[in-house]
Amino acid sequence: MPSRSRRRARRVLLVITLLAITLVTIDAAGVNAFDPVRNSASDVVSPVSGAVRWLTTPFRNVWAGMTGYDDLEAENERLREQLDEQQGTEITEANALEQLDRLRKQLDITFDKDIPTEIARVASGPRNNFTDHRVEIDKGSDSGLEVGNPVVTKAGLVGRIVRVSAERSVVQLATDPALEIGIRVAETQDIGVGHGSGPKGPFVVDRGIELIDEVEVGHFVVTSGFERAIMPPDIPVGIVGDVQPDEAARSLILRVDFSAKFTQLDVVQVMKWTPQP
Amino acid sequence: MSAAPKIVARTALVLFGALVLQLGMFDDLRVVGVHPEVLLAVGLGCAVAWGPERGAIVAFCAGLLTDMFLSGRFGVTGLAWGITGFGLGYLSDGIARRSMVIDAVLLGLGSAVGVMVYAVVAALFGEATLTDDHLWRIMGIVGISAAVISPVVLPLCRWTGADVGLRPSR
């Protein structure tokens with residue numbers, strides 16, 4: 001390679017590096033400068049990629065059947081073990097959802113009563129091969145959705161909308177460790193703040209619940225919805241699965257099993273509610 | 001049409017096609033939870049075919065296109081893939097004997113390294129990519145899948161600059 005070409009290639013690399021760092025810095029400044037570009041790109045490409053998606057459905061289904069066989073087998077095995085376990089105990093509730101319904105009725109929690117909602121489908125899961133806590137849904141600003149709208153299923157909290165284009169929206173899942181949510185323990189009225197802990201982890205409440213508070217395993221956790229909260233009150237988050245004292249912080253750490261099933265997200269409800277500024 | 005607009009138009013066409021295929025099909029073709037990165041393969045394919053300068057530019061553009069559909073910081077993938085395209089272009093320029101197999105291996109290794117460079121760059125900007133449990137798995141599957149699709153990707157990348165007086169990589 002001639003030295004002139006090498007010099008030019010190095011100059012190109014320098015320009016690219018500086019340009020990329022500038023873009024990242026602008027994005028990191030939090031002004032959402034690239035949201036319009038990202039939204040437009042999504043609106044432009046989604047009809048074409050949707051057509052490709054439709055055309056390749058049989059092929060993708062065959063692929064999913066082939067590569068998902070081991071997962072199905074593992075799931076079968078797990079369910080069989082679960083069934084054996086259930087048969088061996090005197091637990092009357094058949095599953096967690098029933099328990100959730102019962103608790104919700106007992107505590108008179110109706111989180112979706114007064115807020116209008118929009119039904120949406122999950123259009124695509126996380127795009128990144130690395131751990132990603134965002135999914136795309138097939139409704140956007142044309143359907144009246146806005147950034148900040150909570151996303152739920154009948155079982156409970158799923159996340160919140162962080163980006164909206166005309167026909168699509170991006171949902172930040174409650175499993176994201178970066179999404180902090182104010183909560184209330186329904187039985188004791190104790191309040192705290194928690195966050196996700198990854199795709200398969202529980203919701204961890206590590207602030208606000210004091211050592212003397214009488215929170216127990218099985219208690220029901222809902223969003224607190226206090227002033228300026230990012231969620232309205234009384235959306236079910238889940239059921240306390242573990243309580244550990246943190247002597248140093250003089251608080252209790254709650255591990256809450258999400259009531260919504262993030263591995264089976266398909267149809268969701270977007271609540272047309274935005275946080276107070 | 002003169003050379004430069006022709007190269008730009010062809011490259012844009014190939015990148016758009018790769019983007020549509022990625023979003024419409026390859027995102028769902030997962031092996032143990034990891035999908036192929038067609039845009040990375042196209043960017044690095046240009047590095048294998050045309051050397052470091054074009055490799056860096058096309059891989060950077062492919063990365064920016066990808067960034068539009070990811071939730072992370074805009075420009076991180078562009079930076080990571082641009083650097084990888086430059087390095088792979090240099091490496092491929094330095095290899096005297098070339099064949100389809102060598103090119104496929106170059107593309108596969110380059111793609112795996114591209115994933116690692118992305119993990120490093122994203123970690124520098126505060127993402128937990130370097131500590132991701134599946135980093136090695138992602139590198140392996142993205143690398144192997146790039147090598148597998150190289151018989152389609154590399155001719156397309158060569159076509160973007162064919163018949164317009166560009167000097168191919170050795």
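Our structure's up above, just so we're on the same page.
Residues numbered from 1 in each chain as written. Chains lettered and ligands numbered in written order. Predicted model: local features only at pLDDT ≥ 70, side-chain atom pairs only at ≥ 80, totals over all residues. Heavy atoms only, no water.

Let's talk about the nonpolar core
- Formed by 68 residues in total, the largest nonpolar core has its most connected members in B:Val42, B:Trp81, B:Val115 and B:Tyr118.
- Secondary-structure elements contributing two or more residues to this core are α1 (3-28) and α2 (35-55) of chain A together with α1 (3-24), α2 (38-50), α3 (52-67), α4 (76-93), α5 (100-124) and α6 (135-159) of chain B.
- Tallying contributions element by element places α2(B) first for this core, with 11 residues.
- In this view, B:Tyr118 contacts A:Asn128, A:Phe130, B:Leu70, B:Val76, B:Thr77, B:Ala80, B:Trp81, B:Glu127 and B:Thr129; residues no more than four positions away in its chain are not counted.
- In this structure, A:Val151, A:Leu179, A:Val185 and A:Ala260 belong to the second largest nonpolar core, which totals 38 residues. (Core = buried A, V, L, I, M, F, W, Y, C linked by side-chain atoms within 4.5 Å. Buried < 20%, exposed > 50% of the residue type's maximum accessible area, 1.4 Å probe, protein only. Helix = DSSP H or I, 4+ residues; strand = E, 2+ residues; numbered from the N terminus. Contact = heavy atoms within 4.5 Å.)

Digging into the environment of B:Glu127
- Tracing the backbone through its elements, the reader meets B:Glu127 in the loop between α5 and α6.
- According to the relative accessible area criterion, B:Glu127 is partly exposed, its value standing at 26%.

Let's talk about the packing of α2(B) against α5(B)
All names here are of chain B.
- Following both chains from N to C, one finds α2 and α5 inclined at 125 degrees, their axes separated by 9 Å at the closest point. Between α2 and α5, the angle falls in the class oblique. Judged by the sense of rotation from one axis to the other, the crossing of α2 with α5 is right-handed. Here Leu-40, Ala-41, Leu-44, Gly-45 and Val-48 of α2 come into contact with α5, specifically with Asp-103, Leu-106, Leu-107, Gly-110, Ser-111 and Val-115. (Axes fitted to C-alpha atoms, helices over the stretch in contact; angles between N-to-C directions. Parallel < 35°, antiparallel > 145°, perpendicular 65-115°, else oblique. Left-handed = near helix turned anticlockwise from the far one by under 90°.)

Topic: the interface of chain A and chain B
- The interface is formed by 41 residues belonging to chain A together with 51 residues belonging to chain B.
- Between chain A and chain B, a total of about 4,200 Å² is buried, with carbon and sulfur atoms accounting for 66% of that surface.
- Among the residues of chain A in contact with chain B, A:Arg127, A:Asn129 and A:Phe130 are the three that bury the most area, contributing 21% of the side total.
- Counting across the chain A and chain B interface gives 3 salt bridges.
- Close ionic contact of B:Glu53 with A:Arg8 constitutes a salt bridge, the shortest N to O distance being 3.1 Å.
- Viewed at the interface, chain B and chain A are joined by 11 residue pairs in polar contact (both at pLDDT 80 or more). (Buried area = accessible area lost by both parts, 1.4 Å probe. Salt bridge = Lys/Arg side-chain N within 4 Å of Asp/Glu carboxyl O. Polar contact = N/O pair within 3.5 Å; in protein donor to acceptor, adjacent residues only side chain to side chain.)

Focus: the sheet that holds strand β5 (residues 169-173) of chain A
All names here are of chain A.
- Spatial strand order, β1-β2-β5-β4-β3-β12: 6 strands in a closed barrel with antiparallel pairing. Pairwise comparison of adjacent strand axes, ignoring direction, gives a mean angle of 45 degrees for this sheet.
- Bridging between strand β3 (residues 150-152) and strand β12 (residues 267-271) involves 2 bridges; their strand directions are antiparallel. Opposite Val-152, over in β12, you have Gln-269 as the bridge partner.
- The sheet strands contacting α2 are β1 (117-124), β2 (134-137) and β4 (157-164), and the helix crosses β4 at an angle near 110 degrees. (Pairing = 2+ DSSP bridges.)

Remember that the coordinates give geometry; whether it matters functionally is a separate question.
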